[in-house]
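Structure assessment
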Amino acid sequence: MEQEYYVCTGCALLCDDIEIEITDKKLSKINNACLKGVARLKECAEPAECKVDGSNVNIDDAIKEAASILKNASNPLIFGMGNSTTSAQKKAIELAKTTNAYIDDTSSFCQGPVIEAILGDRIKTCTLDEVKDYSDVIVYWGADPSNSHPRHLSKYTYFPRGKERQRGWEEDRTAICIDVRKSDTAIICGDKFYQIPPQADEELIDALVAALSGKVPKVSFGMGPKKILELANMLKKAKFGTICVGLGLIYSIPDVEPLVRLMNKLNEVSNFHLIPMVGQYNMRGFDHNLHEETGYINRARFQESDVEHGPQCSIVELLRTKSVDAALIIGSDPMSSLPGTIAKELLDIPVITIDPCVTMTSRKAKVAIASVTSGSECGGTAIRMDGVEVEFKPMIPTDDLSDEEILSRIMEAL
Ligand code: SF4
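So, a few notes on the structure that sits alongside this text. On a predicted model such as this, the values are computed, not experimentally measured, just so you know.

What counts and how
- Residues numbered from 1 in each chain as written.
- Predicted model: local features only at pLDDT ≥ 70, side-chain atom pairs only at ≥ 80, totals over all residues.
- Heavy atoms only, no water.
- Axes fitted to C-alpha atoms, helices over the stretch in contact; angles between N-to-C directions.
- Helix = DSSP H or I, 4+ residues; strand = E, 2+ residues; numbered from the N terminus.
- Parallel < 35°, antiparallel > 145°, perpendicular 65-115°, else oblique.
- Left-handed = near helix turned anticlockwise from the far one by under 90°.
- Contact = heavy atoms within 4.5 Å.
- Nonpolar A, V, L, I, M, F, W, Y, C, P; charged D, E, K, R; others polar.
- Buried < 20%, exposed > 50% of the residue type's maximum accessible area, 1.4 Å probe, protein only.
- Lys, Arg positive; Asp, Glu negative; His and termini not counted.
- Salt bridge = Lys/Arg side-chain N within 4 Å of Asp/Glu carboxyl O.
- Near = heavy atom within 4 Å.
- 1 Å grid on protein atoms, 1.4 Å probe; cavity = no way out; pocket = protein on both sides within 12 Å on 5 of 7 lines; lining within 4 Å.
- Sits in = over half its atoms within 2 Å of the grid points.
- Phe/Tyr/Trp six-rings, centres within 6.5 Å; stacked < 30°, edge-to-face > 60°.
- Lys NZ or Arg CZ within 6 Å of the ring centre and 35° of its normal.

**A few points about the packing of helix α2 (residues 59-72) against helix α19 (residues 403-413)**
Packing of α2 against α19 leaves a shortest axis separation of 9 Å and a crossing angle of 60 degrees. In terms of their interaxial angle, α2 and α19 are classed as oblique. In terms of crossing hand, the pair formed by α2 and α19 is right-handed. Contacts between α2 and α19 involve Ile59, Asp60, Ile63, Ala66, Ala67 and Leu70 on the former and, on the latter, Ile406, Arg409, Ile410 and Ala413.

Below you can see the structure in the form of structure tokens.
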């Protein structure tokens, strides 16, 4: 029998070579996935149950209560969706339009500006398959894929052989790491690790732009001009360069402009591409879908036929200014990911969660709705970190409801 392969939804690398075995309707064996993927695909440590005010209810009652909260809210917020399929995300956008809700996702405080610049053609990008086939210089900047996306280096960016990279990593590729600490990825990069102090990324970017422009680069920290020129030279000589941008860099620069400057300069003298190291498997998908609908990737509010957009519509600002009176959180856990001073505002409004697992947010929610895990229990499509659409089928049969089905039922009950 021909081997069937499945897709791992453990991160936005969406590895598509996963082999499984099923015993008693449960995954008994998962091959090729990393430990992070196995943890995602196996059952939650604490599977969610449908609850209203902490008491168990059936899913119909939970959906009815959720619809009533959204219907009665003047300023509802819909947030999350990075772990939902594309069709579920589109349904959430439709629900936001119907309820005149704010809609936002985690990209508004992580990779959003980079994705926006890529979608606006301000930053040149490429696919991971192109990196595998052609990339001779790969820079991991503020990123540690060895831990965040464990198969990134082995499947696409450093170790594999590709069309024009037949001799493998040691001879055919140069891997460079720029980071504030010696991460596992930095160790792999050996003497191509450039350690910088926290918040020094923009200064190094400007020094590199100077070096690539034929000027003597200078920085205020202990990295001499010779070392910066050596780095700039490696970048300049690349036939197909790729920068994999992690949160360490994103959090250190005020906006995306320093990166745009660097990419513009690199593409004057060389050939460089940038890929954002997106975390949740379909966060980029949400940004693409909202962009298609509104022209914005996140931080939006539907108001009849208008769309408001801006920092004031981000989850952080909305909670800080107490501007929302209900929140629907889909596949996300803002109670654990947002600063405590902001997250605590969720305790003052009715919160609805849709999640396969119990989270800090679902524990505090007025309504918790249990959904299936997309990837293992329901199929669909998602956008990989490099913008490529990936289709996946469910691994385990289930009669339980997906995010999309739950959102459809909430829409019907409004
Ligand atoms: Fe899954 Fe990501 Fe690991 Fe690939 S790298 S197996 S997508 S968790």
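**Brief notes about the packing of helix α3 (residues 86-98) against α19**
Contact geometry of α3 with α19 gives a least axis separation of 8 Å together with a crossing angle of 20 degrees. With respect to α19, the element α3 is oriented roughly parallel. α19 is crossed by α3, and the crossing has left-handed handedness. For the pair formed by α3 and α19, the contact residues are Ser87, Ala88, Lys91, Ala92, Glu94, Leu95 and Thr98 on the first element and Asp403, Glu404, Leu407, Ser408, Ile410 and Met411 on the second. Across the contact of α3 with α19, the residue classes tally to 6 nonpolar, 3 polar and 4 charged.

**Section: the side chain of aspartate 201**
Inspection of the secondary structure assignment puts aspartate 201 in helix α10 (residues 201-212). One buried charge, aspartate 201, has no salt-bridge partner; the nearest side chain with opposite charge is arginine 181, at 12 Å. Excluding anything up to four places from it in sequence, aspartate 201 contacts Trp141, Ile196, Gly248, Leu249, Ser252 and Ile253.

**Here's the deal with the site of the ligand**
Surrounding the ligand, one finds Cys8, Gly10, Cys11, Leu13, Leu14, Cys15, Ala33, Cys34, Gly37, Pro150 and Arg151. More than half of the atoms belonging to the ligand lie within 2 Å of the grid points that define the largest cavity. Split by residue class, the shell around the ligand holds 8 nonpolar, 2 polar and 1 charged.

**Observations concerning the packing of aromatic side chains**
Summed over the entire model, instances satisfying the criterion amount to 4 aromatic pairs. Ring centres of tyrosine 281 and phenylalanine 392 lie 5.9 Å apart, and the angle between their planes is 80 degrees; on these two criteria the pair is classed as edge-to-face. Taken together, the residues span a long stretch of sequence, with tyrosine 281 in the loop between β11 (272-276) and α14 (283-294) and phenylalanine 392 in strand β18 (residues 389-392) at a distance of 111 residues. Over the face of the ring belonging to tyrosine 102 we find arginine 301, whose NZ or CZ atom lies 4.4 Å from the ring centre.

Nothing here speaks to function; it is all geometry.
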